Amino acid sequence: MGNWRSGSAALLFWALFALRTVEPQNVSAPNIIIMIMDDMGWGDLGVFGQPSKETPNLDMMASQGMLFPDFYTANPLCSPSRAALLTGRLPIRNGFYTTNAHARNAYTPQEIVGGISKEEILLPEILKKRGYVSKIVGKWHLGHREQYLPLERGFDQWFGSPNCHFGPYNTSYRPNIPVYNNSEMIGRHCNYFNCLYYEEFEIDERTGESNLTQIYLQEGLDFIFQQTLARQPFFLYWAPDATHAPVYASKHFLGKSQRGRYGDAVMELDYSVGQILAWLVTLGIDKNTFVFFTSDNGAALMSGPKQSGSNGPFLCGKETTFEGGMREPAIAWWPGHIPAGTVSYQLGSVMDLFTTSLTLAGLAAPFDRVIDGLDLTPSLFNNSMTDRPIFYYRGNQMMAVRVGPYKAHYWTWSNSWEEFNKGINFCPGQEVTGVTTHTQQEHTMQPLIIHLGRDPGEKYPISVLSKEYQTVLSRVTLIVEEHQKTLVPGQPQLNMCDLAVMLRYVSTLFGAHWLIRTFSSFSLAKVKRRAVPGRRINAVSMACSSRADKMDLVIQKIRSFPDFPSKGILFSCCIRMCFCSAGIDARGFLFGPLLAQRLGIGLALIRKKGKLPGPTVSVAYSLEYGKAEAEMQVDAVEPGQKVLLIDDLLATGGTLYAACELLRKRQAEVLGCLVLVQLTDLDGAQRLKPVSVFSLTEY
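Residues numbered from 1 in each chain as written. Predicted model: local features only at pLDDT ≥ 70, side-chain atom pairs only at ≥ 80, totals over all residues. Heavy atoms only, no water.

Student: For this particular structure, what's the right way to read the UniProt feature "modified residue: 3-oxoalanine (Cys)" (unreviewed entry) in the protein chain?
Tutor: If you check UniProt for "modified residue: 3-oxoalanine (Cys)" (unreviewed entry), the listed places come out as Cys 78 in our numbering. Tracing the chain through its elements places Cys 78 in helix 3 (residues 78–87). Among all residues touching Cys 78, those that are not within four sequence positions of it are Asp 38, Lys 139, His 141, Asp 296 and Asn 297. (UniProt positions renumbered as here; feature names shortened; annotations may be inferred. Helix = DSSP H or I, 4+ residues; strand = E, 2+ residues; numbered from the N terminus. Contact = heavy atoms within 4.5 Å.)

Student: When you look at the sheet that holds strand 17 (residues 406–409) in this model, what are you seeing that I'm missing?
Tutor: Strands in a sheet are paired, the pairing made by backbone hydrogen bonds, and the direction either parallel or antiparallel. Spatial strand order, 15-16-17-20: 4 strands in an open sheet with antiparallel pairing. At either end of the open sheet lies a strand with only one pairing partner, and these are strand 15 (390–394) and strand 20 (448–451). On average, adjacent strands in this sheet sit at an angle of 20° to one another, irrespective of strand direction. Pairing analysis gives 4 bridges linking strand 17 to strand 20, with the strands arranged antiparallel. The residue of strand 20 that forms the bridge with Lys 407 is Ile 450. Along the sheet, helix 12 (residues 467–486) makes contact with strand 15, strand 16 (397–403), strand 17 and strand 20, crossing strand 16 at roughly 125°. (Pairing = 2+ DSSP bridges. Axes fitted to C-alpha atoms, helices over the stretch in contact; angles between N-to-C directions.)

Student: So what exactly am I meant to see when it comes to the environment of Cys 427 here?
Tutor: Counting through the fold element by element, Cys 427 comes out in the loop between helix 11 (417–421) and strand 19 (441–442). The exposure class assigned to Cys 427 is buried, which follows from its relative accessible area of 0%. Excluding residues within four positions of it along the chain, Cys 427 makes contact with Cys 316, Thr 320, Ser 414 and Thr 436. (Buried < 20%, exposed > 50% of the residue type's maximum accessible area, 1.4 Å probe, protein only.)

Student: It is not clear to me how the pairing of strand 1 (residues 31–37) should be interpreted in this structure. Could you clarify?
Tutor: Where a strand is regular, its side chains alternate between the two sheet faces. Taken across its 7 residues, strand 1 has 7 buried, putting it largely inside the fold. Sheet analysis places strand 1 next to strand 10 (residues 289–295), joined by 7 bridges and oriented parallel. Directly across from Ile 33, in strand 10, lies its bridge partner Val 291.

Student: What should I look at first to understand the sheet that holds strand 14 (residues 348–349) in this one?
Tutor: In spatial order, the strands read 11-3-14; together these 3 strands make up an open sheet with mixed pairing. Taken across any chain shown, the strands that pair with only one partner, and hence form the sheet edges, are strand 11 (327–328) and strand 14. Both strand 3 (residues 71–72) and strand 14 contribute to a ladder of 2 bridges, which runs parallel. Counterpart to Tyr 72 in the pairing with strand 14 is Ser 349.

Student: Please explain unusual backbone geometry as it appears in this structure.
Tutor: The omega torsion across Ala 245 and Pro 246 is -5°, close enough to zero to call that bond cis. Cis geometry marks the peptide bond from Lys 689 to Pro 690, where omega comes out at 10°. Relative to the assigned elements, Pro 690 resides in the loop between helix 17 (684–688) and strand 31 (693–698). In this model, Ala 103 sits at a positive phi of 55°, which is unusual for a non-glycine residue. Of note, Ala 103 is situated in the loop between helix 4 (91–94) and helix 5 (123–127). Of note in this structure, Gln 667 is not a glycine but carries a positive phi near 60°. Looking at the element boundaries, Gln 667 is found in the loop between helix 16 (654–665) and strand 30 (669–678).

Student: I would appreciate a short explanation of the pattern of salt bridges in the present structure.
Tutor: Here the idea is simple: oppositely charged side chains can pair when their charged atoms come close. Using the criterion set out here, one finds 26 salt bridges in the structure. Across the pair Arg 475 and Asp 387 runs a salt bridge, and its minimum N-O distance is 3.0 Å. Here Asp 387 lies in the loop between helix 10 (377–382) and strand 15 and Arg 475 lies in helix 12, a separation of 88 residues in the sequence. The class of Arg 475 is partly exposed, set by a relative accessible area of 39%. On the accessibility criterion, Asp 387 (63% relative accessible area) is exposed. Of the charged contacts, one joins Glu 468 and Arg 454 as a salt bridge, the two residues approaching to 3.0 Å between their closest N and O atoms. On the criterion of sequence distance, the pair formed by Glu 468 in helix 12 and Arg 454 in the loop between strand 20 and helix 12 is long-range, its members being 14 residues apart. Residue classification places Glu 468 among the partly exposed residues on the basis of a relative accessible area of 25%. One network of salt bridges, in which partners are shared, links Asp 70, Glu 323, Arg 327, Arg 402, Lys 407 and Glu 458. (Salt bridge = Lys/Arg side-chain N within 4 Å of Asp/Glu carboxyl O.)

Student: How do you make sense of the environment of Glu 458 when you look at a structure like this?
Tutor: By the element assignment, Glu 458 lies in the loop between strand 20 and helix 12. C-alpha of Glu 458 to C-alpha of Pro 313: the two residues are 145 residues apart in sequence and 9.6 Å apart in space. Not counting the four nearest positions on each side in its chain, Glu 458 is found in contact with Leu 315, Phe 322, Glu 323, Lys 407, His 409, Val 432, Val 435, Ile 450 and Leu 452. Side-chain polar atoms of Glu 458 contact the side chain of His 409, separated by 2.7 Å. (Polar contact = N/O pair within 3.5 Å; in protein donor to acceptor, adjacent residues only side chain to side chain.)

Student: Just checking my understanding: could you explain helix 12 for this structure?
Tutor: Think of an α-helix as turning once every 3.6 residues; residues three or four places apart then point the same way. Between its first and last C-alpha, helix 12 extends 30 Å over 20 residues, near the 28 Å set by a 1.5 Å rise per residue. Residues of helix 12 that are buried make contact with helix 4, strand 15, strand 16, strand 17 and strand 20. (Expected span 1.5 Å × (residues − 1).)

Student: Help me understand the packing of helix 6 (residues 212–230) against helix 7 (residues 260–282), please; the structure alone is not making it clear to me.
Tutor: When two helices pack together, you describe them by how their axes are tilted relative to each other and by the distance separating the axes. Helix 7 packs onto helix 6 with a crossing angle of 10° between their chain directions and a minimal axis gap of 10 Å. In this view, helix 6 runs roughly parallel relative to helix 7, as classed from their interaxial angle. Of the two elements, helix 6 crosses helix 7, and the hand of that crossing is right-handed. The segment helix 6 lies against helix 7, with Thr 213, Gln 214, Leu 217, Leu 221, Ile 224 and Phe 225 engaging Glu 268, Leu 269, Tyr 271, Ser 272, Gln 275, Ile 276, Trp 279 and Leu 280. (Parallel < 35°, antiparallel > 145°, perpendicular 65-115°, else oblique. Left-handed = near helix turned anticlockwise from the far one by under 90°.)

Student: What am I meant to see in the state of the cysteines here?
Tutor: The term disulfide refers to a covalent linkage connecting the sulfur atoms of a pair of cysteines. Summed over the entire model, instances satisfying the criterion amount to 1 disulfide. The side chain of Cys 316 participates in a disulfide bridge whose partner is Cys 427; the two sulfur atoms lie 2.0 Å from each other. Linking Cys 316 and Cys 427, the disulfide has an S-S dihedral of approximately 105° and is accordingly described as right-handed. Of this pair, Cys 316 sits in the loop between strand 10 and helix 8 (323–326) while Cys 427 sits in the loop between helix 11 and strand 19, and the two are 111 residues apart along the sequence. In this structure Cys 78 is a free cysteine whose sulfur lies 5.4 Å from that of Cys 164, the closest cysteine sulfur available. (Disulfide = S-S within 2.5 Å.)

Student: What is the right way to look at the nonpolar core in this model?
Tutor: What tends to happen in soluble globular proteins is that the nonpolar side chains get buried as a cluster. With 72 residues, the main nonpolar core has Leu 86, Leu 127, Trp 140, Phe 235, Tyr 237 and Phe 290 as its most contacted residues. The element contributing the most residues to this core is helix 12, with 5 residues. Those residues within four positions of Trp 140 in sequence are excluded, and the remaining contacts are Arg 82, Leu 86, Ile 116, Leu 122, Tyr 148, Leu 149, Pro 150, Arg 153, Phe 155, Trp 158, Ser 161 and Pro 162. Met 35, Ile 203, Leu 221 and Tyr 248 belong to the second largest nonpolar core, which has 51 residues in total. (Core = buried A, V, L, I, M, F, W, Y, C linked by side-chain atoms within 4.5 Å.)

Student: Got a minute to help me understand the environment of Met 185 in this structure?
Tutor: Looking at the element boundaries, Met 185 is found in strand 7 (residues 184–190). Overall, the relative accessible area of 6% leaves Met 185 in the buried class. On a C-alpha basis, the gap between Met 185 and Ser 161 in space is 9.3 Å, while along the polypeptide they are 24 residues apart.

Pasting the structure below:
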């Protein structure tokens, strides 16, 4: 299992076939493989002292390549660190942070509105200039919406998910995480004992079993083989997520490690790395392929011992800017180019992979922006050292900086008392008085300075009275001042959330039928379905932040109308919160809000003439017993928005027809009409065509 040469007979057959038919690639453009793990800790590798013997292939990779014991992520959380890797820029520059709160970690949950900015230039976009074919396998995490997905940002191929395999979720306002094959959604993750809905990529939380790592491995091997046959240089961004809670492994690896499911996941990832390296050797392209292995942040200690890894001797873990949250395992491998069995003490960063990859490809980094990534080729080929600082950011705040062996903390914070009192601890068993604080502590006037060589656990700050402290402080201060003077923060991309952004795979027909099921019972039936790509249902954004932030957003949406409904009265309302459904006066208001709340979307109001404040648009219509006029605020819906109309009764269809006309006037798209009762003899549904009508009962 730990031997790179082990593999299936089919794999060996195709390898032998390839050896007979493939000519060597142009060595001036080496292939590039970046392997980024998810929440894997520095101390999970045997080469860094892990005694459980789960990583024989990674240990061998280090013995044949170069080990970086002082390698860092750019942020202690997954999304910002991956954005930094692919742009070569700190998250504070590329916009992958939030200003919702000071030093707040932020990522891309399902409901995030933002993603990697179109102003940023990603690594695969530049590699195209040299004819590289790029593929991402696994976790993307830089935005869910179409404009942010990998194929829109330079990648030619993608197999994986836009997010983590969190769950279980239902298919109402927060569906399970989709899995893509290029631009096609081929299924969803399901982490549940008994999935309410049929999902194609199951992760059994009872046993921890899932074949997803094996699928990701095969996708990577196939891509390498295809590009070798095509004689094209390639960039493979291999990003499995098995070590992110809830951790998983395939049946063959479950129960094999000494560290429970997490150790099983590490063993399978190690095996997969071995298979990829062996494949390169078998195809004869190992000497023309640069491979780098690392992780996106430290081990997630808050997930518990069986769901998280080891950060070795370092303090705390994921989400903190202590060493355990930012120091990563890192190995470079390139037979014939990188001296075997070497160790580089160069201070490295995931951002360096951007610049280094471009150098290897014979390309220059963009000149029109600050690039934080360092070219590591002098270290890789000559083991030389470049003096550079490492900045530790948490959200919008620089928390610390490392210069040489010294680290200066300008702010300290583990996690809040509120979280801690709920049993969430980012530093379990590692509390250090005055360092691992549960309130944000500022030290800008007198930073805590630690010598990481003598004190990797950050337990003993150097005395401020010592000469060593004053010497280090003078040097660090100049570096921090220069950094802050030239820093221009990017537009924050992770401030706003909207539960509707994940509803892009609900078809008109399926969506309406599902609404009827929800409407009738509010319980989810166990059905099987494959979602059909459709347009998104849009909604006004809600802050993905604290309760206070959300209340601020509500306050911002309140509007005031003088002299309504009569002179001298100032009428205030917050109707214009989010619009995906429309209720018709008056019984539509009984059912519409319930559905809107259930779906997490919102409600537009269609009322009788004179009942709404502000500018309105109206339509006159005929009823069985006379004439009436319906109106809606002019900004109730946006052009192109999908809207579901809700009412109690469909008779001749006059009211619903008028509502449809109102929505058409605002260039909205009517998804369908949902009613409790339809009087079929009156042919109201015929009048509404081509809009579909869905009713619970018919008379």
